Amino acid sequence: MVLTSRSTGPGVLRNSINTGHEAAGTFTIALAGNPNVGKSTIFNSLTGLRQHTGNWPGKTVANARGKYRYGDREFILVDIPGTYSLSASSVEEEVARDFICFGEPDATVVVADATCLERNLNLVLQTLEITDRVVVCLNLMDEAERKHIRIDLKKLAEKLGVPVIGTSARSGRGLPELMEAIYSVAVGRIKTKPLRITYDDIIEKALKRVEPYLFNLTGGKVNSRWVSLKMIEGDSSILNTLQEYLGYDLLKDRDVTGELRSARQGLWGINSDGARDMIVSGIVNTAENIFRDTVSLEHRDYNSLDRKIDSILTSRIYGIPVMIGLLGVIFWLTLAGANYPSEVIAAFLFHIEDLLTAFFTWAGAPQWLYGLLVRGMYRTLAWVVSVMLPPMAIFFPLFTLLEDLGYLPRIAFNLDNFFNKACAHGKQALTMCMGFGCNAAGVVGCRIIDSPRERLIAIITNNFVPCNGRFPTLIAIIAIFIGGRVPGVFGSFVSTLVLMGIVVLGVAVTLLVSAILSRTVLRGVPSSFTLELPPYRRPQVWRIIVRSVLDRALFVLGRAAAVAAPAGLIIWLLANIKIGEYSLLSHGALFLEPFARLLGLDGYILMAFIIGFPANEIVMPIIIMSYMSTGSILELDSLEALRQLLVSHGWTWLTAVSVMLFSLMHWPCGTTLWTIRKETGSAGWTLISFLVPTLTGIIICFTFARVVHLLRLI
Amino acid sequence: MEAGYITLNMAPSGSTAKVKGLTSNGNIRRRMLDLGLVMNTDVEVLQKSPSGDPTAYHIRGAVIALRSEEASKILVEINPIV
Ligand SMILES: Nc1nc2c(ncn2[C@@H]2O[C@H](COP(=O)(O)OP(=O)(O)OP(=O)(O)O)[C@@H](O)[C@H]2O)c(=O)[nH]1
Ligand SMILES: [Mg+2]
């Protein structure tokens, strides 16, 4: 098991590049741009799909495709990952470059941030070097206006030689014009005259020597000026891709290598770093000039408000406390706010159960069928819905709010030093934030980390963040054992502290395990790291609420229905098919009992975690069902009843804490493991990703239970 | 290195400095260039993160955080205060 490029970055991503030409008459359009400029928002508006968007760089990590019609044509839009450059110093950049260059799109839309044009022009100019068929989409015009940044779009279009369309993707402004421009460029109605950068004399001379040969050799299949530039600057990654694309190795051609050698000699001893400096400077300086000529800032300090906010949110004194405070407020709102709706939903759903029971009795249905459908499936489902939906419906909008504001990169900024000390990547904090939603998504999100070593660390440790399948389990246990016990406002305050403690523990374990991995199997030093802190943007509160409830909460519900209902069925069967005196479930639990005891759990709980492998959502329901099938069956229509059920099965506060700890630290769910396998391309790393959290959980639970017993705390 | 230049990580918060050279090479150098850190680019030092590293810089209209490891490979000259 070594870190090969196959098992980590490029190997995985490369598969996603293909030429993408489908039916004739269909146009393929690449959507390129810096990170966080609204590409996915544009993609969603045009295609009606729902790629996730968020105010932090790196939200989209793989090419997504979608279709739309405009005029008499069908367009396939490809949302490629955001990059600052096409120099291919990271996997995403390579994917982006390869798609623009070799994916043969009929047009490339470069989306640029109107509030930060100078830097965005870098990518625009680089794209113009590769392809003629470009449309520049200047997005976030609303933000630019708010900051009183004036941009002369006409002049910019003249200078660049391609259409420039101003848009505000979130409100849809300018999108019709954008589609029109894409259409015109794709069908060739608009002939573009893209700006060609004039480089330093030395570079131009070298170009003159090499380019004609390359032009002859490639027959115009690729942009020979650009390829020559890349060869002069000694970009080796492009040569491999070119070889694949053209079917032969350019460097095997005597003429080309000969010319290249003499061209290099003509550079007067400037090495490839030096040549690259000149080339990049050429681009950057051109961008600066264009920016000066087309943009006027009414207020020079247009982003002073952002700086003021940053000086608090990331300050030495307040940075970390504010971060913890925000987390606390979100958790508190989630815990305190979810209580009441939970009770209402539970009352409603269990009322329906009564109706169902009446119906089954009336219809004279056999006892086993009733037990299977109502006591098994329906009850599990009802439990999952009433306990999980409310906290999710509160937590996700709040979290999305922070995300859209642009706070997540600030978290990464605040915590980076800890990750640095653990020899891990600062962007790991971002992948952890994604893990809150879903660990599988977090694992995919690790693609924003370029270094294969650090990316693996982030993948292996992502499971220490409680995902939306485990989060409600934690909340339920806290609500049952703490919130319900400590009265009033104080109760939710203590609950919040406990939940924060769990999450902070998850972060601490992540750092610790990352540090251990960095010193053992994934030895190495931190790689270079740059993180953009994007401008704060005003979130669309209503859209966030609607989206979070529809997308996230209903998604969780759907998954619960899909997994919990059949699981309920299986568990009911396990609990009711008897071998000898005991049910199958009890046999399993009895077998696990001795080991589970060591961890502060019991056999049924451990069994529930094992059966819960496909989806963590069902762990609590399984525990409850197992207890109900073994003990006296009672109506489970309130948290208090639930507490009594657990207590009557020997739960103490140690059990509750141990379940929470084990929930935080055990094997990743089936989907996550499958994703890890796909992302790393290696069974070995998948196994390690399974073992690391599992062993950590076992060690921590065992130690905790030992200490509690030794100190006679229980 | 030439006299009068310091590395970017030494530049105090609030100051503005001009890039005078990069001492990194390969990929890291390329990444710095992509950020727009070419010769004579103005960089404003914004603030350090709570634990002192990384530091946020204002570079060509964007706010970028660099670890001191990277910043120590950027030679700058502090601009006089106007
Ligand atoms: N105010 C405003 N916000 C926008 C606009 N377009 C997008 N946004 C917001 O900007 C943020 C980034 O948008 P995304 O669509 O995720 O950006 P992206 O380019 O796909 O980002 P990556 O996938 O990270 O490369 C989101 O919070 C959007 O809601 C716009 O025109 N105006
Ligand atoms: Mg995106």
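Rules and cut-offs
- Residues numbered from 1 in each chain as written.
- Chains lettered and ligands numbered in written order.
- Predicted model: local features only at pLDDT ≥ 70, side-chain atom pairs only at ≥ 80, totals over all residues.
- Heavy atoms only, no water.
- Helix = DSSP H or I, 4+ residues; strand = E, 2+ residues; numbered from the N terminus.
- Rg over C-alpha atoms; globule rule 2.2 N^0.38 Å.
- Buried < 20%, exposed > 50% of the residue type's maximum accessible area, 1.4 Å probe, protein only.
- Contact = heavy atoms within 4.5 Å.
- Lys, Arg positive; Asp, Glu negative; His and termini not counted.
- Charge placed at Lys NZ, Arg CZ, Asp CG, Glu CD.
- Salt bridge = Lys/Arg side-chain N within 4 Å of Asp/Glu carboxyl O.
- Polar contact = N/O pair within 3.5 Å; in protein donor to acceptor, adjacent residues only side chain to side chain.
- Nonpolar A, V, L, I, M, F, W, Y, C, P; charged D, E, K, R; others polar.
- Pairing = 2+ DSSP bridges.
- pLDDT = per-residue confidence, 0-100.
- Axes fitted to C-alpha atoms, helices over the stretch in contact; angles between N-to-C directions.
- Parallel < 35°, antiparallel > 145°, perpendicular 65-115°, else oblique.
- Domains from an automatic or database assignment.
- Buried area = accessible area lost by both parts, 1.4 Å probe.
- Expected span 1.5 Å × (residues − 1).
- Bend = angle between axes of the 7 residues up to and from the residue.
- Disulfide = S-S within 2.5 Å.
- Left-handed = near helix turned anticlockwise from the far one by under 90°.

In terms of regular secondary structure, chain A is built from 29 helices and 11 strands. For chain A, whose C-alpha radius of gyration is 29 Å, the value lies close to the compact-globule estimate of 27 Å for 714 residues. Expressed along its principal axes, the backbone C-alpha trace of chain A runs to roughly 90 × 55 × 50 Å. Among the 714 residues that make up chain A, the fraction classed as buried is 59%. If you take every contact in chain A between residues at least 6 apart in sequence, the share linking residues at least 24 apart comes to 75%.

For chain B, the helix and strand inventory stands at 2 helices and 6 strands. A globule of 82 residues ought to have a C-alpha radius of gyration of about 12 Å, and chain B, at 12 Å, matches this closely. Principal-axis analysis of the C-alpha atoms places the extent of chain B at approximately 30 × 25 × 25 Å. Residues counted as buried form 57% of the 82 residues belonging to chain B. Contacts spanning at least 24 positions in sequence make up 61% of the contacts within chain B whose residues lie at least 6 apart. Positive and negative side-chain charges of chain B, numbering 9 and 8 respectively, have mean locations separated by a distance of 4 Å.

This part takes up the interface of chain A and chain B. At the junction of the two partners, chain A supplies 48 residues and chain B supplies 34 residues. Summed over the shared surface of chain A and chain B, the number is 6 salt bridges. Two residues, A:E288 and B:R60, come together in a salt bridge whose shortest N-O distance is 3.0 Å. One can count 13 residue pairs in polar contact (both at pLDDT 80 or more) joining chain A with chain B. Looking at which element gives the most residues to the side of chain A that touches chain B, the answer is helix α12 (residues 272-294) of chain A, with 8 residues. Looking at the side of chain A that touches chain B residue by residue, the class counts come to 12 nonpolar, 21 polar and 15 charged. The sheet contact formed by strand β9 (residues 530-532) of chain A and strand β5 (residues 62-66) of chain B spans 3 bridges and is antiparallel. From the neighbouring strand, A:E532 faces β5(B), where its bridge partner is B:I64.

A few words on the confidence of the model for chain B. Note: predicted coordinates in regions of low pLDDT should not be interpreted at a detailed level. Averaged over every residue, the pLDDT of chain B is 89; the share at 70 or more is 95%. Overall fold confidence for the complex sits at a pTM of 0.85, while the interface term, ipTM, reaches 0.94.

Ordered by their spatial adjacency, 7 strands build an open sheet running β9(A)-β5(B)-β4(B)-β3(B)-β2(B)-β6(B)-β1(B), and the pairing between neighbours is antiparallel. The sheet terminates laterally at β9 of chain A together with β1 (6-7) of chain B, the two strands that pair on one side only. Running over the sheet, helix α1 (residues 26-34) of chain B touches β9 of chain A together with β2 (16-22), β5 and β6 (74-78) of chain B and is turned about 140° from β2(B).

Residue and element names in this part refer to chain A. Direction vectors running N to C along helix α23 (residues 584-598) and helix α24 (residues 603-611) enclose 110°, while the axes themselves pass 7 Å from each other. One way to sum up the angle between α23 and α24 is to call them roughly perpendicular. Between α23, through L585, S586, G588, A589, L592, E593, F595 and A596, and α24, the contact on the second element is made entirely by G603, Y604, L606, M607, I610 and I611. Among the residues forming the contact of α23 with α24, the class breakdown is 10 nonpolar, 3 polar and 1 charged.

Let us look at the domain arrangement of chain A. Residue and element names in this part refer to chain A. Splitting chain A by domain gives domain 1 (10-187), domain 2 (201-297) and domain 3 (321-524 + 541-711). Each partner contributes to the interface: domain 1 provides 25 residues, whereas domain 2 provides 22 residues. Carbon and sulfur atoms make up 64% of the surface buried where domain 1 meets domain 2, a total of about 2,200 Å² over both sides. In terms of surface lost to domain 2, no three residues of domain 1 exceed F102, E118 and E129, which account for 29% of the buried area on that side. At the junction of domain 1 with domain 2, the criterion picks out 1 salt bridge. The closest approach of N and O atoms between D293 and K159, which form a salt bridge, is 3.2 Å.

Before going further, it helps to examine α23(A). All names here are of chain A. Over its 15 residues, α23 runs 22 Å from end to end, which matches the ideal 21 Å to within 8%, given 1.5 Å per residue. At L592, α23 shows its maximal bend, which comes to roughly 50°, and the proline P594 appears one to four places after that position. Along α23, the positions that sit buried rather than exposed are L585, S586, G588, A589, L592 and A596. After α23 finishes, the residue G600 shows a positive phi value of roughly 85°.

Moving on to the sheet that holds strand β5 (residues 134-139) of chain A. All names here are of chain A. As summarised here, the arrangement of the 6 strands in space is β2-β3-β1-β4-β5-β7, forming an open sheet in which the pairing is mixed. Each edge of the open sheet is held by one strand with a lone partner, namely β2 (64-70) and β7 (164-166). The sheet shows a mean angle of 25° between the axes of neighbouring strands, taken without regard to direction. Strands β1 (26-33), β4 (107-113) and β5 of the sheet are contacted by helix α4 (residues 117-130), whose axis makes an angle of about 165° with β4. Packed onto the sheet, helix α6 (residues 153-160) meets β5 and β7 and runs at close to 155° relative to β7.

Below, the discussion takes up helix α3 (residues 91-102) of chain A. Residues and elements named next belong to chain A. If you check α3, its first and last C-alpha atoms are 16 Å apart, about what 12 residues at 1.5 Å a residue would give, namely 16 Å. For α3, a buried count of 12 out of 12 residues is recorded, marking the element as mostly surrounded by other parts of the structure. Residues of α3 that are buried include every one of V91, E92, E93, E94, V95, A96, R97, D98, F99, I100, C101 and F102, and no others. Once α3 finishes, E104 follows within two positions and takes phi at roughly 50°, a positive value.

With that out of the way, let us pick up the state of the cysteines. Taken as a whole and judged by the stated rule, the model has 0 disulfides over all chains. There is no disulfide at A:C446, and the cysteine sulfur nearest it, in A:C438, is 12 Å away.

This next bit is on the packing of α3(A) against helix α10 (residues 236-246) of chain A. All names here are of chain A. One way to put it is that α3 packs onto α10 with a least axis distance of 12 Å and a crossing angle of 40°. On the basis of the axis angle, α3 is oblique to α10. Considering the relative orientation of α3 and α10, their crossing is right-handed. Judged by residue contacts, R97, D98 and F102 of α3 engage S237, I238, T241, L242 and Y245 from α10. Of the residues contributing to the contact of α3 with α10, the split by class is 4 nonpolar, 2 polar and 2 charged.

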